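Structural features, examined
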Amino acid sequence: MTFPPAEHATAQAGRVPPPGCPAHAATGTDGPTRLYGEAAATDPMGLYEQLRAAHGPVAPVLLDGDVRAWLVLGYLENRDVASRPTQFSRDPRVWHGWRTGEIDPATSPLMPMIGWRPDCVCADGEEHQRLRGALTAGLGQFDHRGVRRHVIRFAHQVIDGFCEKGDAELVGQFTEHLPMLTLIHLLGMSDEDAPELVHAARDLFKATETSLASNAFVLESLERLVAAKRAHPGHNIASALMAHPAGLTDEEVKHHLRLILLAGYETTANLMSNVLRMVLTDPRFRGSLAGGQMTLPEAVEQVLWDEPPLMVCPGRWANSDTVLGGQEIKTGDMLLLGLAAGNVDQAIRPDPAAPVHHNRAHLSFSAGTHECPGQDIGRIIADAGIDILLTRLPDIALSVPEESLTWRSTTWARHLTALPVGFSPRPPRADDGPAPLPAPPVQSDGVPPVPPVPAGAPGGTRRSEARASWWTRLKRLLGGR
């Protein structure tokens with residue numbers, strides 16, 4: 001990997017490798033900037049701007065363990081990398097770091113994020129088209145209006161759990177509940193594994209010493225799910241992936257379910273937290289919603305521009321030597337898409353305060369052939385869930401000073417830790433649990449989907465009991481985090 005000459009590098013205290021480490025020895029006194037640690041955790045957006053000022057639209061950085069990479073900061077450069085799969089591969093096996101021993105695959109917490117897997121994210125060309133086609137079909141089998149009705153029912157169920165108290169903590173009690181419940185149902189997951197599985201999936205983004213164990217738990221749980229749906233298919237994403245003409249293996253199905261769980265849950269929960277924070281802390285933002293100048297879907301787009309739920313997207317690998325943003329990129333170099341940095345690039349947003357809620361050209365769902373296929377479902381969950389919350393609790397207000405809100409940050413994302421609110425207590429709405437999603441239309445191959453089990457069918461009572469038990473365990477797990 002070739003880094004810029006010293007006169008173009010940043011030498012800020014605490015943001016270069018200490019003397020004696022391999023990265024410091026390889027790059028000189030003014031080495032690349034660490035994209036982890038205290039500086040990156042406290043003000044990631046400020047760090048991106050310092051990198052941009054020092055290096056331009058592409059900057060040398062270090063990941064956990066001082067693993068070298070390029071962070072793409074420019075909007076146009078991000079789109080360029082995302083739109084040229086022949087030059088910038090998604091297959092991590094291209095990376096030269098495997099050969100040079102820069103990372104230990106058995107112990108590195110980066111493995112769940114940059115390791116190769118048999119899914120469409122790690123594939124190019126025809127193999128990507130085959131896998132992506134199956135994933136898109138699996139997600140697209142659900143009618144959006146049906147998904148919205150399902151989200152609304154779950155939102156009422158979650159709000160009923162705290163509406164009588166007159167206060168709540170929205171991150172732990174709402175924004176981390178609703179996407180979880182929705183995705184669990186769409187995936188066809190087991191009630192027994194669901195709470196622990198999603199808790200482990202959330203841990204993967206932290207890149208800690210427990211990340212590898214969490215990843216193993218996720219895969220083991222999904223392996224059991226695949227086996228169960230092979231024996232008893234239904235109207236869910238797991239069954240749809242297995243039935244697709246692309247002929248996915250069980251291993252490929254398992255890893256695509258992992259992809260949906262990680263990408264869909266984490267990003268949607270984070271998006272909802274960011275939107276609600278803006279509603280509760282910015283009078284102009286809330287006034288635009290209340291006055292009709294901005295719809296809730298437009299408010300979601302504005303937040304996707306300003307605070308994307310995934311700030312850095314791993315990764316791309318250079319297939320050959322090239323120049324990007326004035327930097328010499330060598331064959332096998334790792335590149336990271338700086339989604340948050342690209343969204344505020346002055347080249348396309350000279351006035352960051354100007355509203356852009358009508359514009360979907362942001363990078364928050366990436367771009368090109370690997371643009372997020374489940375983004376519409378994420379938008380539905382955020383839009384419908386927040387709409388129900390604000391409708392049922394119209395006087396909801398932040399119960400702590402705005403400056404006391406805190407975040408936790410990783411290399412990949414920034415998460416609001418808590419959002420305490422108060423409101424007038426209200427009675428819950430009676431609800432007997434989620435109704436099944438409406439059956440999709442007949443598929444293009446002429447094979448109708450397997451219908452859901454009617455409420456009165458044999459086994460229905462046991463399922464209702466399992467759902468009640470699971471809901472109790474889920475609330476206990478999230479409440480005790």
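Above: the structure in question.
Residues numbered from 1 in each chain as written. Predicted model: local features only at pLDDT ≥ 70, side-chain atom pairs only at ≥ 80, totals over all residues. Heavy atoms only, no water.

Brief notes about the overall build of the chain
Within the chain one finds 19 helices and 13 strands. Residues counted as buried form 55% of the 481 residues belonging to the chain. A sequence separation of at least 24 residues applies to 73% of the contacts in the chain between residues at least 6 apart. Here the chain displays about 19,900 Å² of accessible surface, and carbon together with sulfur accounts for 55% of that area. (Helix = DSSP H or I, 4+ residues; strand = E, 2+ residues; numbered from the N terminus. Buried < 20%, exposed > 50% of the residue type's maximum accessible area, 1.4 Å probe, protein only. Contact = heavy atoms within 4.5 Å. Areas by Shrake-Rupley, 256 points an atom, 1.4 Å probe, with all protein chains shown as cover.)

A few points about the nonpolar core
F162, L170, F174, I237, L257, L389 and L419 are the most contacted members of the largest nonpolar core, which has 79 residues in total. With 15 residues, helix 14 (residues 250–281) is the largest single contributor of residues to this core. Among the nonpolar cores identified, the runner-up in size contains 46 residues, and V72, I103, V312 and A413 belong to it. (Core = buried A, V, L, I, M, F, W, Y, C linked by side-chain atoms within 4.5 Å.)

Here we look at helix 16 (residues 296–306)
Side chains that are three or four residues apart share a direction in an α-helix, a result of its 3.6 residues per turn. Helix 16 sits mainly inside the fold: 8 of its 11 residues count as buried. Within the sequence span of helix 16, burial applies to L296, A299, V300, E301, Q302, V303, L304 and W305.

Brief notes about the packing of helix 12 (residues 211–231) against helix 14
Put simply, helix 12 and helix 14 touch, their axes get as near as 9 Å, and they point 120 degrees apart. In terms of their interaxial angle, helix 12 and helix 14 are classed as oblique. Of the two possible hands of crossing, helix 12 and helix 14 adopt the one that is right-handed. Residues N215, V218, L219, L222, E223, L225, V226 and R230 of helix 12 touch helix 14, and the partners they reach there are D250, V253, K254, H255, L257, R258 and L261. Among the residues making up the contact of helix 12 with helix 14, the classes are represented as 8 nonpolar, 2 polar and 5 charged. (Axes fitted to C-alpha atoms, helices over the stretch in contact; angles between N-to-C directions. Parallel < 35°, antiparallel > 145°, perpendicular 65-115°, else oblique. Left-handed = near helix turned anticlockwise from the far one by under 90°. Nonpolar A, V, L, I, M, F, W, Y, C, P; charged D, E, K, R; others polar.)

Focus on empty space enclosed by the protein
Regions of empty space are outlined by a rolling probe, equal in size to a water molecule, passed over the atoms. Inspection of every chain in the model, using the stated rule, returns 4 cavities of 30 Å³ or more. One number sums up the size of the largest cavity: a volume of about 880 Å³. When residues of the lining of the largest cavity are traced back to their parent elements, those giving at least two are helix 6 (111–114), helix 7 (125–140), helix 14, strand 6 (312–318) and helix 18 (375–392). Each residue belonging to the lining of the largest cavity can be placed in one class, and the counts come to 27 nonpolar, 12 polar and 7 charged. Approximately 80 Å³ is the volume attributed to the second largest cavity. As for the second largest cavity, its lining consists of 12 residues, and the residues nearest its centre are E176, A269, N270, R408 and H415. Counting residues per element, the ones that place at least two in the lining of the second largest cavity are helix 9 (170–175), helix 14 and strand 12 (414–416). Sorting elements by how many residues they give to the lining of the second largest cavity places helix 14 first, with 5 residues. (1 Å grid on protein atoms, 1.4 Å probe; cavity = no way out; pocket = protein on both sides within 12 Å on 5 of 7 lines; lining within 4 Å. Points joined across faces, edges and corners; volume = space filled by probe spheres on them.)

Quick notes on the packing of aromatic side chains
Note on aromatic pairs: each is described by the distance of the centres and the angle between the planes. Scanning the entire structure with this criterion turns up 2 aromatic pairs. Aromatic side chains W95 and W98 sit 5.0 Å apart centroid to centroid with 80 degrees between the ring planes, which places their arrangement in the edge-to-face category. Among the residues examined, W95 registers a relative accessible area of 1% and is labelled buried. Residue W98 is classed as partly exposed on the basis of its relative accessible area of 27%. (Phe/Tyr/Trp six-rings, centres within 6.5 Å; stacked < 30°, edge-to-face > 60°.)

Here's the deal with the side chain of N78
Topologically, N78 is positioned in helix 4 (residues 75–82). In this structure N78 comes out as buried when scored by relative accessible area, which is 2%. A polar contact of 3.1 Å, which involves the side chain of N78, links it to the backbone oxygen of V72. If we ignore the near neighbours within four places in the chain, the residues touching N78 are V72, L73, L337, G338, G342 and L363. (Polar contact = N/O pair within 3.5 Å; in protein donor to acceptor, adjacent residues only side chain to side chain.)

Description of the sheet that holds strand 9 (residues 334–338)
Through backbone hydrogen bonds, the strands of a sheet pair up, either in parallel or in antiparallel fashion. Reading across the sheet, the 6 strands line up as 1-2-3-9-6-4 and stay open at both edges, with mixed pairing between neighbours. At either end of the open sheet lies a strand with only one pairing partner, and these are strand 1 (33–34) and strand 4 (88–89). Relative to strand 6, strand 4 runs antiparallel, the two sharing 2 bridges. Bridge pairing in strand 6 places S89 opposite W317. (Pairing = 2+ DSSP bridges.)

Topic: the environment of D160
Looking at the secondary structure, you find D160 in helix 8 (residues 144–160). For D160, a relative accessible area of 15% puts it in the buried group. For the pair D160 and R392, spaced 232 residues apart in the sequence, the C-alpha separation amounts to 10.0 Å. In this structure D160 touches R392, P428 and R429, once residues within four positions along its chain are discounted. Here R392 takes part through its side chain, which lies 2.8 Å from a polar atom of the side chain of D160.

Digging into the side chain of R392
Tracing the sequence through the fold places R392 in helix 18. A polar side-chain atom of R392 sits 3.2 Å from a polar atom in the side chain of H156. Apart from the residues within four sequence positions on either side, R392 is in contact with H156, I159, D160, C163, R426, P427, P428 and R429.

Here's the deal with unusual backbone geometry
Most peptide bonds take the trans configuration, and most residues that are not glycine carry a negative phi. The phi dihedral of D66 falls on the positive side, at around 55 degrees, and the residue is not glycine. Along the chain, D66 falls in the loop between strand 2 (58–63) and strand 3 (67–72). A positive phi angle, near 65 degrees, is found at S366, a position not held by glycine. Here S366 is to be found in the loop between helix 17 (339–343) and helix 18. Since its relative accessible area comes to 9%, S366 is described here as buried.

Side note on the pattern of salt bridges
Under the counting rule described, the total for this entry stands at 22 salt bridges. Here D395 makes a salt bridge to R426, at a shortest N to O gap of 3.3 Å. Taken together, the residues span a long stretch of sequence, with D395 in the loop between helix 18 and strand 10 (397–398) and R426 in the loop between strand 13 (420–422) and helix 19 (460–479) at a distance of 31 residues. Residue classification places R426 among the partly exposed positions, given a relative accessible area of 25%. One connected set of salt bridges, linked through shared partners, spans E301, R360, D376 and R379. (Salt bridge = Lys/Arg side-chain N within 4 Å of Asp/Glu carboxyl O.)

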